[in-house]
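# Breakdown of the fold
Spelled out from the first residue to the last, the chains are:
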Amino acid sequence: DAGVIQSPRHEVTEMGQEVTLRCKPISGHNSLFWYRQTMMRGLELLIYFNNNVPIDDSGMPEDRFSAKMPNASFSTLKIQPSEPRDSAVYFCASSLTGREQYFGPGTRLTVT
Amino acid sequence: SQQGEEDPQALSIQEGENATMNCSYKTSINNLQWYRQNSGRGLVHLILIRSNEREKHSGRLRVTLDTSKKSSSLLITASRAADTASYFCATDIGGGKLIFGQGTELSVKP
């Protein structure tokens, strides 16, 4: 298995632009998680899905952030409009519910 | 505040020594997990201990869980330079949702 796949690996954009991060979970996993990691705040859970349904989005910072999971093999995290404080590494992870999570390599986002 | 708090924040040891990291949490848990993160990479799952277990081993790793004290420890025996990484505890508070601690940065010097 290829593991969790994220794209792009690096994204540099200007403030105000729309950013879309993509994730392909491990086949057969029914839970998908989006995290953000920064030096100041550590690893934060933004949102997670179970069987493609958003279960808890309490970690989504603002209305500028949105996430979708149209099917079991694809999810997106969108930031519109982006701001410099959104600069971070964004991780996607998948799992079978209640089991260990498998993380992707992350997307390093820089907003200038 | 963070569900999981780790101690120490940073640890530097010589190759061959043992490394112990501690994690405390606040609420009831289904299980507690430890992850490793190498610089610039994603997290990698190391070991999971359920709330009704007290100790678990995996290779050179030993994890203990004390639910009465709401604490866990990760012991890495006979450390190697390749063990240099950040180590995170994560508590499963239900539905598979994990809350991660701030991590312990381990440096193993050859």
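Let me begin by describing the structure that accompanies this report. (Residues numbered from 1 in each chain as written. Chains lettered and ligands numbered in written order. Predicted model: local features only at pLDDT ≥ 70, side-chain atom pairs only at ≥ 80, totals over all residues. Heavy atoms only, no water.)

This part takes up the sheet that holds strand β1 (residues 5–7) of chain B. Backbone-to-backbone hydrogen bonds pair the strands of a sheet. The strands run either parallel or antiparallel. Residues and elements named next belong to chain B. Within the open sheet, the five strands sit side by side as β1-β3-β8-β7-β6. Their pairing is antiparallel. Every interior strand has two partners, whereas the edge strands, β1 and β6 (55–58), have only one. Going from strand to strand, the sheet's axes swing by 15° on average, the running direction of each strand aside. (Pairing = 2+ DSSP bridges. Helix = DSSP H or I, 4+ residues; strand = E, 2+ residues; numbered from the N terminus. Axes fitted to C-alpha atoms, helices over the stretch in contact; angles between N-to-C directions.)

Residues and elements named next belong to chain A. One open sheet accounts for four strands, arranged β1-β3-β8-β7; its pairing is antiparallel. Single-partner strands in this sheet number two, and they are β1 (5–7) and β7 (65–71). In this sheet, neighbouring strand axes are inclined to one another by 15° on average, regardless of whether the strands run parallel or antiparallel. Note: β7 against strand β8 (residues 74–79), five bridges, orientation antiparallel. The partner of Ser66 across the bridge, within β8, is Lys78.

Next up on the list: the side chain of Gln37 of chain B. On the secondary structure map, Gln37 of chain B appears in strand β4 (residues 31–37). Not counting residues up to four positions away in its chain, the partners in contact with Gln37 of chain B are Gln37 and Phe91 of chain A together with Gly42, Leu43, Ala85, Ser86 and Phe88 of chain B. (Contact = heavy atoms within 4.5 Å.)

This part is about the state of the cysteines. Under the defined criterion, the tally for this structure stands at two disulfides over all chains. One disulfide bridge connects Cys23 of chain A with Cys92 of chain A, the sulfur atoms lying 1.9 Å from each other. Across the S-S bond linking Cys23 of chain A and Cys92 of chain A, the dihedral sits near -65°, which makes this disulfide left-handed. Here Cys23 of chain A is found in strand β3 (residues 19–24), whereas its partner Cys92 of chain A is found in strand β9 (residues 88–95), with 69 residues between them in sequence. Per residue, the accessibility class of Cys23 of chain A equals that of Cys92 of chain A, and both read buried. Here Cys23 of chain B is linked by a disulfide to Cys89 of chain B, with a sulfur-sulfur distance of 2.0 Å. In this structure, the disulfide formed by Cys23 of chain B and Cys89 of chain B twists by about 65° around the S-S bond and is classed as right-handed. (Disulfide = S-S within 2.5 Å. Buried < 20%, exposed > 50% of the residue type's maximum accessible area, 1.4 Å probe, protein only.)

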